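# A closer look at the structure
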Amino acid sequence: LGLVQLTRSTCSPVLPDSPEPAILNNASCADFNWSVFNHLRQSEAIKYVILATAYNPAKLQSTVKALRAIGKRVIFVAAPPSIGVNFSPCVERQNTGQLTFNAPLNCDFGLAASNVRGSDLIKGAKDLAAAEGVAVIWPSAVSLPTSSDA
């Protein structure tokens, strides 16, 4: 049993010649996605394909159908909670102890705020599951070990 990651930053895993247009109108994403699909088609050892996107997952229906047509089982990982803010500067500020004016002191946000922002992503994941029967992994349902579990 092994794991192979075939991803490219900012490229949604949508095959560009599918009825739904590629989310990013970018030829390099299209070329990359087709190269991944061709690799998957040639590899009998790969049985499962795990898809994830921060864009509308309902756009993946044609990609899921294409993957199933070459004998792959598809699992979708839903987007984690988000309120549409890049938290990297906040986390870096916390880790370095630097202060930033007009910024919150911590990087916390309420789950209710993320549910409002993420409702389209949640709906898209549910629609993909309903339309294509894809298993969805919800980040909110995954519990990670804490330091006390080690």
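A few points on the structure. (Residues numbered from 1 in each chain as written. Predicted model: local features only at pLDDT ≥ 70, side-chain atom pairs only at ≥ 80, totals over all residues. Heavy atoms only, no water.)

### Some details on the sheet that holds strand 3 (residues 135-137)
Under the convention used in this document: Two strands make a pair as long as DSSP finds a minimum of two bridges between them. Labels follow the DSSP assignment, with helices taken as runs of H or I lasting at least four residues and strands as runs of E lasting at least two, numbered in each case from the N terminus. Between N-to-C directions, angles span 0 to 180 degrees; the directions come from axes that are lines fitted to C-alpha atoms, helices contributing only their stretch in contact. Two residues form a contact once any of their heavy atoms are found within 4.5 Å.
An order of 1-2-3 is seen for the 3 strands of this open sheet, with the pairing classed as parallel. Each edge of the open sheet is held by one strand with a lone partner, namely strand 1 (48-52) and strand 3. With direction set aside, neighbouring strand axes in the sheet form an average angle of 30°. With 5 bridges connecting them, strand 1 and strand 2 (residues 73-77) associate as parallel partners. Bridge assignment links A52 to a residue of strand 2, and that residue is V77. Its contacts with the sheet place helix 2 (residues 61-69) against strand 1 and strand 2, and it is angled at close to 170° to strand 1.

### Notes on the layout of surface pockets
Put simply, the rule reads: As defined here, a cavity is a set of points on a 1 Å grid over the protein atoms alone where a 1.4 Å probe fits but cannot get out. A pocket is an open set with protein on both sides within 12 Å along at least five of seven lines, and residues line them when an atom is within 4 Å of a point. Grid points are joined across faces, edges and corners, and a volume is the space filled by probe spheres set on the points. We call Asp, Glu, Lys and Arg charged. Ala, Val, Leu, Ile, Met, Phe, Trp, Tyr, Cys and Pro are nonpolar, and the rest, Gly among them, are polar.
Estimated volume of the largest pocket: approximately 1200 Å³. Along the walls of the largest pocket sit 41 residues, with L6, T7, I50, L51 and A52 positioned nearest its centre. Of all elements in the fold, only helix 1 (27-42), strand 1, helix 2 and strand 2 reach the threshold of two or more residues within the lining of the largest pocket. The residue makeup of the lining of the largest pocket, split by class, is 28 nonpolar, 10 polar and 3 charged.

### Brief notes about the packing of helix 2 against helix 5 (residues 119-132)
Here is the rule: For classification purposes, angles smaller than 35 degrees are called roughly parallel, those larger than 145 roughly antiparallel, those between 65 and 115 roughly perpendicular, and all remaining angles oblique. Each helix crossing is assigned a hand: it is left-handed if the near helix lies turned anticlockwise from the far helix by less than a right angle, otherwise right-handed if that turn is clockwise.
Where helix 2 meets helix 5, the axes come as close as 10 Å, and the angle between the chain directions of the two elements is 40°. Overall, the two elements helix 2 and helix 5 adopt an arrangement that is oblique. For the element pair helix 2 and helix 5, the recorded crossing hand is right-handed. For the pair helix 2 and helix 5, the contacting residues are Q61, V64, K65 and R68 in the first and D127, L128, A131 and E132 in the second. Class assignment for the residues of the contact of helix 2 with helix 5 results in 3 nonpolar, 1 polar and 4 charged.

### Structural notes on helix 2
Worth spelling out the cut-off: Buried residues are those whose accessible area, probed at 1.4 Å on protein chains only, stays under 20% of the maximum for their type, while exposed residues exceed 50% and partly exposed ones sit between those limits.
Listing the buried residues of helix 2 in full gives S62, T63, V64, A66 and L67. The first or second residue beyond helix 2 is G71, which carries a positive phi of 85°.

### What about the side chain of K72?
So the rule is basically this: What qualifies as a polar contact is a pair of N or O atoms within 3.5 Å, subject to a donor-acceptor requirement within protein and to the restriction that residues adjacent in sequence count only when both atoms come from side chains.
The residue K72 is located in the loop between helix 2 and strand 2 in this model. Reaching out from K72, the side chain makes a polar contact with the backbone oxygen of S43 at a distance of 2.6 Å. Ignoring anything within four residues of it in the chain, the contact list for K72 reads L40, S43, I46, K47, V49 and L67.

### Structural notes on the nonpolar core
This is how the line gets drawn: Definition of nonpolar core: a set of buried residues of the types Ala, Val, Leu, Ile, Met, Phe, Trp, Tyr and Cys, connected through side-chain atoms within 4.5 Å.
By size, the foremost hydrophobic cluster in this structure holds 20 residues, and its most contacted members are L51, L67 and F76. At the level of elements, helix 1, strand 1, helix 2, strand 2 and helix 5 are the ones that each hand at least two residues to this core. By residue number, the principal contributor to this core is helix 1, which donates 4 residues. When neighbours within four sequence positions are excluded, F76 is seen to be in contact with L51, A52, T53, P57, L60, A125, L128, V134, A135, V136 and I137.

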